[in-house]
Amino acid sequence: GGIFHSWDAVHILTFSIIMLNTDLHSPQIKKRMTLEEFIRNNRGINEDKTRGLREDLPRELLENIFSSIASNEIRLDSKHAQEPTTLSSPSSSLPAASVAASN
């Protein structure tokens, strides 16, 4: 198994990363999210409902994500931002990411 107990945890963390990126890099945001707020926002998201288990993701992982996003804004290439997105297309110009979940 991997770090994640479920795909739900992966999806929640992914959404949290998108929100963090927006928070740290949008000029409209005046009060930036701190590392501790990011960690608190992700507390208990790693849940395995079949075993009744709910855990925090490793602090070191969240610290590394925060640091990476703080120093490297996630931006869409303007070429790709103009293209329509299709879910059925198996080929993509974006690199594939692999995440192991236990279910």
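About the thresholds
- Residues numbered from 1 in each chain as written.
- Predicted model: local features only at pLDDT ≥ 70, side-chain atom pairs only at ≥ 80, totals over all residues.
- Heavy atoms only, no water.
- Salt bridge = Lys/Arg side-chain N within 4 Å of Asp/Glu carboxyl O.
- Buried < 20%, exposed > 50% of the residue type's maximum accessible area, 1.4 Å probe, protein only.
- Helix = DSSP H or I, 4+ residues; strand = E, 2+ residues; numbered from the N terminus.

> Sorry, what's going on with the pattern of salt bridges here?
One side chain can pair with another of opposite charge once the charged atoms of both are near each other. In total, this model carries six salt bridges according to the counting rule given. The closest approach of N and O atoms between Asp 48 and Arg 51, which form a salt bridge, is 2.7 Å. A residue is classified by how much of its surface remains accessible, and Arg 51, at 56% relative accessible area, is exposed. Between Arg 59 and Glu 63 there is a salt bridge, with the nearest N and O atoms lying 2.8 Å from each other. Remark: Glu 63 and Arg 59 occur in helix H3 (residues 59-71); sequence separation between them is four residues, near one turn of the helix. Arg 59 sits in the partly exposed class, given a relative accessible area of 39%. The network of salt bridges with shared partners includes Glu 36, Arg 59 and Glu 63.

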